[in-house]
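Tertiary structure, described
The lines below spell out each chain.
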Amino acid sequence: MIHVVGHTATDHIFRVPHLPDPNTSTQILDHQIFFGGGAANIAVGIAVLGGESTLVSAVGGDFEGTDYDRWLHSHHVGRYFYIEEEAHTPLACMFTDEREDQITFFEWGASEAFTKADPPSFDFVHMATADPSYNVKVAERAGFASFDPGQDIHKYSAEQFEQLLDSIDILFANRYEAEIMAKVLSHTEEELSARVPVAIFTQGKEGSRLYEDGALTVIPSVPVTLVDPTGAGDAYRAGFLTAYKKKLPLADCCRIGTVCSSFVIEKTGCQTNLPIWDQMQDRLDTYFG
């Protein structure tokens, strides 16, 4: 069982011609609403691939009986929920321009529950977006822990990053998150990767970089038509962690993560085009042999 800690959210995804400067505006070209939240995206991605996942999250009193509630049930995603009856389920608004640059505005809502909750000890856990102090406790108590800072990276102090790096087994970060962590800790990418047994830095169309005990392996991306980049990193983690639980080699786990993310970016929405294992395997064979 893979426990995934973090947000469950409703995603409002907007297309704009450009991201405006302060005190200016821009036109909204498209607006669609999807199921989202970093942890929920990963948990559902694992389930669609045939793995077992439990979503450790916080939702509001408005969640029960919704289409999202039924969606999680239909995919047999387990739940360890903090339910804040007087709050509403988190909301994310993501604006993506024609260069595929993106800005996200996130309203925590019920996720404030993480700030006062005391987590149990999980045997195998991935920590996505959530309260930093909660994630530090999860990492210190877990049998196995992986972590990605996601959109909440600005909430972490240097001390909290230090505590997490001392506790986790795998670090995931995209290029921007890796740069921020490295700057906060006065590290280079190599020094940051040396703090953990395994580090994976995703690089968009440039693929990903796997550090295992200091050795670097570069994993190329899969060339597909990009429709929307939202959720690519979550799909990568879902694929990687599902493969990791199958005890596949780390480089193969990265390739599987890469293939899963390639499906997601072909459609708008983080959970719209998640692959089942056989679909992933067919594309993996095509591009990686």
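Before reading further, recall that the structure is shown in the block above.
The structure contained in this document is the topic of the report that follows. If you're wondering where the values come from, they're calculated on a predicted model, not measured in any experiment. (Residues numbered from 1 in each chain as written. Predicted model: local features only at pLDDT ≥ 70, side-chain atom pairs only at ≥ 80, totals over all residues. Heavy atoms only, no water.)

1. Quick notes on the overall build of the protein chain
Within the protein chain one finds nine helices and 13 strands. For the protein chain, whose C-alpha radius of gyration is 18 Å, the value lies close to the compact-globule estimate of 19 Å for 289 residues. Projected onto its principal axes, the C-alpha coordinates of the protein chain cover approximately 45 × 45 × 40 Å. In the protein chain, 62% of the contacts between residues at least 6 apart in sequence involve partners at least 24 apart. Accessible area of the protein chain: about 12,800 Å², with a carbon and sulfur share of 50%. (Helix = DSSP H or I, 4+ residues; strand = E, 2+ residues; numbered from the N terminus. Rg over C-alpha atoms; globule rule 2.2 N^0.38 Å. Contact = heavy atoms within 4.5 Å. Areas by Shrake-Rupley, 256 points an atom, 1.4 Å probe, with all protein chains shown as cover.)

2. A few points about the sheet that holds strand β8 (residues 124–127)
With respect to topology, nine strands assemble into an open sheet ordered β5-β4-β1-β8-β9-β10-β11-β12-β13, the strand pairing being mixed. Each having just a single partner strand, β5 (78–84) and β13 (215–219) make up the two edges of the open sheet. Within the sheet, the average angular offset between the axes of one strand and its neighbour, ignoring direction, is 15°. Examined bridge by bridge, strand β9 (residues 144–147) and strand β10 (residues 170–174) share two bridges and lie parallel to one another. Paired with Ser146 across the two strands is Ile170, which belongs to β10. (Pairing = 2+ DSSP bridges. Axes fitted to C-alpha atoms, helices over the stretch in contact; angles between N-to-C directions.)

3. Describing the pairing of β8
The side-chain alternation of β8 yields two buried faces, one formed by Phe124 and His126 and the other by Val125 and Met127. Two strands pair when backbone bridges link them, and strand β1 (residues 2–5) and β8 are joined in this way by three bridges, in the parallel orientation. Residue pairing in the sheet places Val5 in a bridge with Met127 of β8. (Buried < 20%, exposed > 50% of the residue type's maximum accessible area, 1.4 Å probe, protein only.)

4. A closer look at the pattern of salt bridges
Summed over the entire model, instances satisfying the criterion amount to 14 salt bridges. The salt bridge involving Lys116 is made with Glu84; its shortest N-O contact spans 3.3 Å. With Lys116 in the loop between β7 (102–107) and β8 and Glu84 in strand β5, this residue pair connects regions lying 32 residues apart in the sequence. Between Glu206 and Arg175 there is a salt bridge, with its nearest N and O atoms 3.8 Å apart. (Salt bridge = Lys/Arg side-chain N within 4 Å of Asp/Glu carboxyl O.)

5. Considerations on the nonpolar core
Core analysis: the largest hydrophobic core is formed by 47 residues, its most contacted members being Leu55, Leu72, Ile200, Phe240 and Met280. Non-local contacts of Leu55, meaning those with residues more than four positions away in its chain, are made with Val4, Thr8, Ala39, Ala40, Ala43, Leu72, Val77, Gly78, Arg79, Tyr80 and Phe81. Of all hydrophobic cores here, the second largest spans 35 residues; its members include Phe114, Tyr134, Ala173 and Tyr211. (Core = buried A, V, L, I, M, F, W, Y, C linked by side-chain atoms within 4.5 Å.)

6. A word on the sheet that holds β7
Read across the sheet, four strands follow the order β3-β2-β6-β7 without closing on themselves; strand pairing throughout is mixed. Of all the strands in the sheet, just β3 (30–36) and β7 have a single pairing partner and so form its edges. Each strand of the sheet is rotated relative to its neighbour by a mean of 20°, with strand direction disregarded. Looking at chain direction, strand β2 (residues 9–15) and strand β6 (residues 91–96) are connected through six bridges and run parallel. Opposite Thr10, over in β6, you have Leu91 as the bridge partner.

7. Regarding unusual backbone geometry
Even without a glycine there, the phi angle at His76 is positive, about 60°. Mapped onto the elements of the fold, His76 is located in the loop between α2 (67–74) and β5. A positive phi angle, near 70°, is found at Glu100, a position not held by glycine. As for its placement among the helices and strands, Glu100 is situated in the loop between β6 and β7.

8. Here we look at α2
Those residues of α2 that fall on the buried side of the exposure criterion are Tyr68, Asp69 and Leu72. Buried residues of α2, viewed axially, fall in a sector of 105°; they line one side. Along α2, the residues that are exposed and aim more than 90 degrees away from the buried face are Asp67 and His73. Of the surrounding elements, those touching the buried residues of α2 are β2, β3, α1 (38–48), β4 (53–60) and β5. Trailing α2 by a residue or two, His76 shows a phi angle of about 60°, which is positive. (Arc of directions from axis to C-beta.)

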